[in-house]
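An overview of the molecular structure
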Amino acid sequence: MNFRDVLLTRLVAPVIVIVGTAGCGSEPPAPRRVVDLNMEIRLPPGVTSAGKVYVSLFHAWSLEGELRHPLQLIESFEAAPGAFSHHFEYPENDGEGLVAFAWADIDGDGVDCTMTSRVDLSGLSEVQGFPADRVSVNLELTEPCRGPDWFYPPQPRP
């Protein structure tokens, strides 16, 4: 055997085998439902946002048994206060329910609250009537400096 044959046998052949078998035995992609979301985001009267509104969509619950947990992220996007439509793909096997969370960048710094600025407002809504191909959500952003886990699952608040 010459050098070229050895190189082919020892280096290239294993790569061909790995690449050739990589697709074998893989599972088909998880089913996804295309959802049309009509959303209205409202700020309190007299409050204006100097920045954007950041929206995150979550499964209300994911997994089972001891691993069951709330708020599995589906996707995040930017919006503006007011009414808008958004289309997204809901991964049907990854969880159940739909929760929409948003926070408004009131001070325009791109960060949801800091130690020196605590004015950004947030809100959350569990989408009723889901699963469905078309859903509507009205979201009022009234709570300063709160993350989605503060809102959901609902807890008695003092």
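Before any of the text, the structure's been laid out above.
Let us look at the structure shown here. This one's a predicted model, so the numbers in the text were calculated from it and none came from an experiment. (Residues numbered from 1 in each chain as written. Predicted model: local features only at pLDDT ≥ 70, side-chain atom pairs only at ≥ 80, totals over all residues. Heavy atoms only, no water.)

1. Focus: the packing of aromatic side chains
We describe a pair of aromatic rings using the distance from one ring centre to the other and the angle between the two ring planes. As enumerated under the stated definition, the model contains six aromatic pairs in all. Both rings, one in Tyr54 and one in Trp103, keep their centres 4.7 Å apart while their planes meet at 20°; by these two values the pair is stacked. Of this pair, Tyr54 sits in strand β2 (residues 53-62) while Trp103 sits in strand β5 (residues 99-104); the two residues are 49 residues apart in sequence, bridging distant segments of the chain. Feature note: the residues Phe101, Trp150 and Phe151 constitute an aromatic cluster, connected by ring pairs. (Phe/Tyr/Trp six-rings, centres within 6.5 Å; stacked < 30°, edge-to-face > 60°. Helix = DSSP H or I, 4+ residues; strand = E, 2+ residues; numbered from the N terminus.)

2. Topic: the sheet that holds β2
Spatially, five strands are ordered β3-β2-β5-β6-β8 in an open sheet, and the strand pairing comes out antiparallel. Looking at the sheet topology across the chains shown, the edges are occupied by β3 (69-79) and β8 (143-144). Across six bridges, β2 lies against β5 in antiparallel orientation. Pairing of Ser56 across the sheet is with Phe101, part of β5. (Pairing = 2+ DSSP bridges.)

3. Describing unusual backbone geometry
In this structure, Pro131 follows Phe130 across a cis peptide bond, with omega equal to 15°. Along the chain, the position of Pro131 falls in the loop between β6 (121-126) and β7 (134-140). Cis geometry marks the peptide bond from Tyr152 to Pro153, where omega comes out at 0°. Phi is positive for Leu71, which is not a glycine, with a value near 60°. For Leu71, a relative accessible area of 14% corresponds to the buried category. (Buried < 20%, exposed > 50% of the residue type's maximum accessible area, 1.4 Å probe, protein only.)

4. Examining the state of the cysteines
Per the stated rule, a full pass over the model turns up one disulfide. Paired by a disulfide, Cys113 and Cys145 hold their sulfur atoms 1.9 Å apart. Taking the sign of the S-S torsion, -90° for the link of Cys113 and Cys145, the bridge is left-handed. Of the two residues, Cys113 is situated in the loop between β5 and β6 and Cys145 in the loop between β8 and α2 (148-151); the sequence distance between them amounts to 32 residues. Overall, the relative accessible area of 19% leaves Cys145 in the buried class. (Disulfide = S-S within 2.5 Å.)

5. Some points on the sheet that holds β7
The sheet built from three strands is open, its strands ordered β4-β1-β7 with mixed pairing. Every interior strand has two partners, whereas the edge strands, β4 (82-91) and β7, have only one. This sheet shows a mean twist of 25° between the axes of neighbouring strands, independent of strand direction. Pairing geometry for strand β1 (residues 32-42) and β7, over seven bridges, is parallel. Bridge pairing in β7 places Leu37 opposite Val135. (Axes fitted to C-alpha atoms, helices over the stretch in contact; angles between N-to-C directions.)

6. Brief notes about the pairing of β3
When a strand is regular, its side chains alternate between the sheet's two faces. In this structure, β2 lies alongside β3, joined through nine bridges in antiparallel fashion. Each bridged residue has a counterpart across the sheet, and for Tyr54 the counterpart in β3 is Glu78. Counted along the chain from β2 to the antiparallel partner β3, the turn is six residues long, and its residue Leu63 has a positive phi close to 65°.

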